[in-house]
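So you can see what is in the structure, the chains are spelled out below.
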Amino acid sequence: MNWTTKVTELLHIKYPIIQGGLAYLSYADLAAAVSNAGGLGQITAMSLENEEQLRQEINKVRTLTDKPFGVNFAIGQHGRRYEHMVQVAIDEHVPVISVTGGNPKGVLEMVDGHNIKKLVLVAARRQAVKAMELGADAVMVVGHEGGGHIGRADMSTFVLTPQVNDDVDIPVIASGGIVDGKGLMAAMALGAEGIEMGTRFIATKECVDAHLVYKQAIIDADEEATTVIKRTLGMPARALKNKWTDTILELEKNGGDYGTLKNYISGEANRQYIHHGKVDEGFGWAGQGALRIQNIPTVDELFKMIISDATKIRHKWGWRVIKQ
Ligand SMILES: Cc1cc2nc3c(=O)[nH]c(=O)nc-3n(C[C@H](O)[C@H](O)[C@H](O)COP(=O)(O)O)c2cc1C
């Protein structure tokens, strides 16, 4: 069955499925696995320490796949500069970049004219329109179901996706809470030309940096398993609920400012959980879709499951149309 959409044509991929940036988790192995499976894998640049590391990951992806891949830039992290990292992506002629976390203008201007496709992750229609005006080739719209940073307005993927689709003239990629073929088809029905997933890719074999304890916590997740921290800092983000996030929420409730929260929400605390499995000494981002994740397949097996389920839905819809 043909899965050509505006997004597959834009990015030169087989299936309209993008692996979102995953802080401290998505480097060459995962990115290449996703691209080899027919989607777009991405290296998360801002988790790397310097330009040389980024260059190495880009080179490694190219040894593992000849398919297109992306480099993700989560900018706006407490003034950390990103220009030197973006320059590496330009110098290495990467096919796609994505940007999130702050005003994308600087990044988009830098890559303009370099034959690099530009994706912007947004969480509100106003941001989507701005991204389009700044020259984004497509917008990824993340609803509050999603893992990691989400929008301040708690808009769901189901509401935000069709709204943004009405507001912009560039392809929309739905993100947040999508883990399977049902999610892919629902996103398409809402007007999206593709999907982006984060949490689902953590529970795969090729997400080699995620500790098994973290993957298992995603598999064990129920309806209550995630919570939103950092809301009082104006940067809401969804994580697996544990004692650490309870402490963060308590500190937030008591008016704790950035200085008070800093060590609790740091990259170091994040890595203690996700790399070392120390569940009481840190936190791990995950979306509500964790509820529906029950296994740790290879990325290729995951793509086969998603496409097979989505194909069944397409057949079913065709049958219904014929019957009417
Ligand atoms: C562990 C984790 C880390 C993330 N890190 C980044 C990041 O560095 N850059 C980025 O653009 N998005 C990041 N995100 C957001 C994802 O790319 C994606 O938009 C989100 O996970 C979609 O929701 P889902 O988790 O329900 O699939 C992260 C998400 C998770 C779960």
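Residues numbered from 1 in each chain as written. Predicted model: local features only at pLDDT ≥ 70, side-chain atom pairs only at ≥ 80, totals over all residues. Heavy atoms only, no water.

1. Digging into the side chain of T100
What counts here: Strands are runs of DSSP state E lasting at least 2 residues, helices are runs of H or I lasting at least 4, and numbering of each runs from the N terminus. Throughout this description, buried means an accessible area under 20% of the type-specific maximum (1.4 Å probe, protein chains only), exposed means over 50%, and partly exposed covers the range between. Only heavy atoms enter the contact rule, under which two residues are in contact if any of them lie within 4.5 Å.
Along the chain, T100 turns up in strand β4 (residues 96-100). By relative accessible area, which is 19% here, T100 ends up buried. Excluding its chain neighbours within four sequence positions, the residues that come into contact with T100 are N72, F73, A74, I75 and L121.

2. Things to note about the sheet that holds strand β5 (residues 117-122)
Heads up, the rule is: Criterion used throughout: strands pair if DSSP finds at least two bridges between them. Each axis is a line fitted through C-alpha atoms, taken for helices only over the stretch in contact, and angles between the N-to-C directions span 0 to 180 degrees.
As summarised here, the arrangement of the 8 strands in space is β1-β9-β8-β6-β5-β4-β3-β2, forming an open sheet in which the pairing is parallel. Both edges of this open sheet fall to β1 (17-19) and β2 (41-44), since each of them pairs with a single strand only. With direction set aside, neighbouring strand axes in the sheet form an average angle of 25 degrees. Pairing of β4 with β5, which is carried by 4 bridges, proceeds in the parallel orientation. When the sheet's bridge partners are listed, V96 is paired in β5 with K117.

3. Considering the site of the ligand
Test applied: By convention in these notes, a residue is near a molecule or strand provided one of its non-hydrogen atoms lies within 4 Å of it. Distance and chemistry together define a polar contact, namely a pair of N or O atoms within 3.5 Å, with one atom able to donate a hydrogen and the other to accept it when in protein, and with adjacent residues in sequence counting only for side-chain atoms on both sides. For the area figures, the Shrake-Rupley method with a 1.4 Å probe applies, and any residue is considered shielded solely by the protein chains shown.
In the vicinity of the ligand there are 22 residues, among which G21, G177, E196, G198 and T199 approach most closely. With respect to the ligand, the backbone of G21 contributes an N or O atom lying 2.8 Å from an oxygen atom. The separation between an oxygen atom of the ligand and a polar main-chain atom of G177 is 2.7 Å. Contact with the protein chains hides 95% of the accessible area of the ligand, taken as 590 Å² for the molecule alone.

4. Brief notes about the nonpolar core
Our working rule: Put simply, buried Ala, Val, Leu, Ile, Met, Phe, Trp, Tyr and Cys residues joined by side-chain atoms within 4.5 Å make one nonpolar core.
Ranked by internal contacts, the top residues of the largest apolar core, which has 91 residues, are I17, L54, F73, V139, F201, Y214 and I218. Here F73 is in contact with A45, M46, M85, V86, A89, I97, S98, V99 and T100, once residues within four sequence places are set aside.

5. Some thoughts on the packing of helix α2 (residues 28-36) against helix α3 (residues 51-64)
Filter applied, for reference: In a left-handed crossing the near helix is turned counterclockwise from the far helix by less than a right angle, and in a right-handed crossing that turn is clockwise. In this count, Pro and Cys sit with the nonpolar residues alongside Ala, Val, Leu, Ile, Met, Phe, Trp and Tyr, while Asp, Glu, Lys and Arg are called charged and the others, Gly among them, polar.
Following both chains from N to C, one finds α2 and α3 inclined at 35 degrees, their axes separated by 9 Å at the closest point. Helix-helix and strand crossings are classified by hand; for α2 and α3 the assignment is right-handed. For the pair α2 and α3, contact is made by A28, D29, A31, A32 and N36 and by E57, K60, V61 and L64, respectively. Looking at the contact of α2 with α3 residue by residue, the classes come out as 5 nonpolar, 1 polar and 3 charged.

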